[in-house]
Amino acid sequence: MTPGIFERLTLPNGSILPNRIAKAAMEEDMAERGQVPGNALFELYRRWAAGGAGLLISGNVMIDRHAVVAPGAVVLERDTPLLPFERWAEAGKQNGARFWLQLNHPGRAIQVDMGGRVLAPSAIPLNMGKRSKMFAQPKAMAETEIGEVVSRFAEAAKRAQQAGFDGIELHAAHGYLFSQFLSPLANQRTDSWGGPLENRARLLLDVVRAVRAAVKPAFGLGVKLNSADFQRGGFDAADAQQVVRWLNALAVDLVEVSGGTYESPAMQGRTADQRTLAREAYFLEFARDIAAVASMPVMTTGGIRRREVADSVLAAGVSLVGVATALALVPDLPTCWRNGESPVIQQRGPNWKDKLMASAATLAQVRRQLDRIGQGRDPVTDSSPQWALLSDRVRRWRLIFRYRSWLRQ
Ligand SMILES: Cc1cc2nc3c(=O)[nH]c(=O)nc-3n(C[C@H](O)[C@H](O)[C@H](O)COP(=O)(O)O)c2cc1C
């Protein structure tokens, strides 16, 4: 019988999620000076924990201060002060929710204005059409740099455990470093890190092993993986299933299925290779196929806003329902569903010809809600995309200035 979304889920590490709704990662861009969490992030996660989701996954936290995806991103390194992270963990674990940090290295997906160190499997920049120049030219990683990345992930996971988080999720989706290594388009190496899938998956598998060796068996370890990159010649559904077969052997507690990259933003419901996605629960079919080969629970994220759709995810044999945007608009959505309420989740998105700008504005609109919740206010559903994009740009310049001056110190 299909379990209900409010039934508990026991993960392979023995940890119990109080229900099957997970707050998926959303980059908050809300760190304080020194790239550490502060009051706004504590308040945001307190609100989500009170809102009833069983698992909260943080926005992506950087493992290297020189490779940072956004200027307000949180960074966790060997010498980062741990107290702010302890307070963050405490805030997100109220009400019985489990709280995991998502760890990420953006690889080549760093905009030029950020500065820092832009590394990738191969020296191939992002192809963003007429906006390609916004992104930095990456340097192909040397063997020692790959080794350093492996130890940084393990160190960050160990410190997340020390701070009181329940687990970490490796961000191996959306065209960041792991996903660049997995992609035959971005990874054109001819050594043992490139070529056949086994080599392209080596970085992810090595990091999973290194993290497992650095943390206790009861600490959660998840992997967010693309169902496909939705680019011709890119990482595809058969590749994703094979990677999950390899992960089966490595004490992974959860695989989250997403899709797309900067070049083909399927996670926002749009693809570059013209393949159509489901209108809601975009990756459900892929997740069902992955669940058929996975020994760990599978979660799918993307386009889930209605209770009926959440139920259909579980009915398809997928164990966890991942929700991002809808929880920025209605942070207590799980409680609403439990009480039989069905709030209509709508954001007036831009309908612009320039798809890249439209996508940036949509993200800015969502981030604006996160900001409001962090200030103890309620989200607004009628936010203007133009205004959100403009204020996001201004905020970004201010934060870049702060980030770069911190880096120089
Ligand atoms: C503002 C914003 C920031 C995001 N940041 C992250 C992130 O840091 N890590 C990640 O894995 N996904 C990130 N995502 C993608 C979401 O986790 C999710 O995969 C995607 O939004 C589709 O789910 P949804 O339709 O429920 O929003 C972000 C999405 C939004 C809207």
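Above this note sits the structure.
Just so you know, these numbers come straight off a predicted model, no measurement behind them.

As for the overall build of the protein chain
In step 1: Scanning the protein chain from terminus to terminus reveals 13 helices and 12 strands.
In step 2: C-alpha atoms of the protein chain, sized along the principal axes, occupy 55 × 45 × 45 Å.
In step 3: Counted over contacts in the protein chain with a minimum sequence separation of 6, partners at least 24 positions apart contribute 70%.
In step 4: Carbon and sulfur atoms make up 50% of the accessible area of the protein chain, which totals about 15,900 Å².
In step 5: Averaging the coordinates of the 51 positive side-chain charges in the protein chain and doing the same for the 40 negative ones gives two points 4 Å apart.

Examining the pattern of salt bridges
In step 1: As enumerated under the stated definition, the model contains 29 salt bridges in all.
In step 2: The salt bridge partner of Asp-64 is Arg-117, with a shortest N-O separation of 3.4 Å. With a gap of 53 residues between them, Asp-64 in the loop between β4 (55–62) and α2 (83–92) and Arg-117 in the loop between β5 (98–104) and β6 (119–120) connect regions that are remote in the sequence.
In step 3: For Lys-224, the salt bridge identified is with Glu-256, shortest N-O distance 3.2 Å. Taken together, the residues Lys-224 in strand β9 (residues 220–226) and Glu-256 in strand β10 (residues 254–258) connect sequence positions 32 residues apart. Each member of the pair, Lys-224 together with Glu-256, is buried.
In step 4: Taken together, the salt bridges that share partners define one network made up of Asp-64, Arg-65, Glu-77, Asp-79, Arg-117, Glu-148 and Arg-152.

Section: the site of the ligand
In step 1: Taken together, 21 residues lie near the ligand, and Ala-25, Glu-27, Gln-102, Gly-303 and Thr-325 sit nearest.
In step 2: The contact in question runs from an oxygen atom of the ligand to an N or O atom on the side chain of Lys-224, over 2.9 Å.
In step 3: One of the backbone nitrogen or oxygen atoms of Gly-302 is found 3.5 Å away from an oxygen atom of the ligand.
In step 4: Considered on its own, the ligand offers 600 Å² of accessible surface; in the complex 93% of this is hidden by protein.
In step 5: Those elements that provide at least two residues to the shell around the ligand are β4 and α12 (355–374).
In step 6: For the shell around the ligand, the class distribution of residues is 8 nonpolar, 10 polar and 3 charged.

So, the packing of helix α1 (residues 39–50) against α2
Any two packed helices are characterised by the angle at which their axes cross and by the distance between the axes.
In step 1: As a packed pair, α1 and α2 sit with axes 7 Å apart at the nearest point and diverge in direction by 20 degrees. Taken together, the axis directions place α1 and α2 in an arrangement best described as roughly parallel. The way α1 lies across α2 gives a crossing that is right-handed. For the pair formed by α1 and α2, the contact residues are Asn-39, Leu-41, Phe-42, Tyr-45, Arg-46 and Ala-49 on the first element and Pro-84, Arg-87, Trp-88, Ala-91 and Gly-92 on the second.

Some remarks on the sheet that holds strand β8 (residues 167–172)
In step 1: Around the barrel, which closes on itself, the 8 strands sit in the order β3-β4-β5-β8-β9-β10-β11-β12 with parallel pairing between neighbours. Pairs of neighbouring strands in the sheet enclose a mean axial angle of 25 degrees, with direction left out of account.
In step 2: Note that strand β11 (residues 298–301) and strand β12 (residues 320–323) share 3 bridges and pair parallel. From the neighbouring strand, Thr-301 faces β12, where its bridge partner is Gly-322.
In step 3: The strands touched by helix α8 (residues 284–293) are β10 and β11; relative to β11, the strand with the most contacts, the crossing angle is about 170 degrees.

As for the environment of Ile-5
In step 1: As for its placement among the helices and strands, Ile-5 is situated in the segment before β1 (9–10).
In step 2: For the pair formed by Ile-5 and Asp-311, sequence separation is 306 residues and the distance between their alpha carbons is 6.7 Å.
In step 3: When near neighbours in sequence (up to four residues on either side) are disregarded, Ile-5 contacts Asn-19, Arg-20, Ile-21, Arg-307, Ala-310, Asp-311, Leu-314, Val-321 and Trp-337.

A word on the nonpolar core
In step 1: Among the nonpolar cores identified, the biggest contains 115 residues, and Phe-85, Trp-88, Leu-101, Ile-168 and Leu-225 are the most heavily contacted of them.
In step 2: When residues in this core are grouped by element, the largest group, 8 residues, is from helix α3 (residues 143–163).

Concerning the packing of aromatic side chains
In step 1: Within this structure, the stated rule accounts for 14 aromatic pairs.
In step 2: Ring centres of Tyr-45 and Trp-88 lie 5.4 Å apart, and the angle between their planes is 90 degrees; on these two criteria the pair is classed as edge-to-face. Here Tyr-45, found in helix α1, pairs with Trp-88, found in helix α2; they are 43 residues apart in sequence, far enough to count as distant.
In step 3: Accessibility expressed as a relative area gives 0% for Tyr-45, which makes it buried.
In step 4: Summarising the aromatic geometry, the rings of Tyr-282 and Phe-283 are spaced 5.9 Å apart at their centres and angled 85 degrees between planes, so their arrangement reads as edge-to-face.
In step 5: Residue class for Tyr-282 comes out buried when judged on its relative accessible area of 13%.
In step 6: A connected cluster of aromatic rings, assembled from ring pairs, spans Tyr-45, Trp-48, Phe-85, Trp-88, Phe-99 and Phe-165.
In step 7: For the cation-ring pair, Lys-23 lies above Trp-48, with the distance from its terminal atom to the ring centre recorded as 4.4 Å.

The rules behind each value
- Residues numbered from 1 in each chain as written.
- Predicted model: local features only at pLDDT ≥ 70, side-chain atom pairs only at ≥ 80, totals over all residues.
- Heavy atoms only, no water.
- Helix = DSSP H or I, 4+ residues; strand = E, 2+ residues; numbered from the N terminus.
- Contact = heavy atoms within 4.5 Å.
- Areas by Shrake-Rupley, 256 points an atom, 1.4 Å probe, with all protein chains shown as cover.
- Lys, Arg positive; Asp, Glu negative; His and termini not counted.
- Charge placed at Lys NZ, Arg CZ, Asp CG, Glu CD.
- Salt bridge = Lys/Arg side-chain N within 4 Å of Asp/Glu carboxyl O.
- Buried < 20%, exposed > 50% of the residue type's maximum accessible area, 1.4 Å probe, protein only.
- Near = heavy atom within 4 Å.
- Polar contact = N/O pair within 3.5 Å; in protein donor to acceptor, adjacent residues only side chain to side chain.
- Nonpolar A, V, L, I, M, F, W, Y, C, P; charged D, E, K, R; others polar.
- Axes fitted to C-alpha atoms, helices over the stretch in contact; angles between N-to-C directions.
- Parallel < 35°, antiparallel > 145°, perpendicular 65-115°, else oblique.
- Left-handed = near helix turned anticlockwise from the far one by under 90°.
- Pairing = 2+ DSSP bridges.
- Core = buried A, V, L, I, M, F, W, Y, C linked by side-chain atoms within 4.5 Å.
- Phe/Tyr/Trp six-rings, centres within 6.5 Å; stacked < 30°, edge-to-face > 60°.
- Lys NZ or Arg CZ within 6 Å of the ring centre and 35° of its normal.

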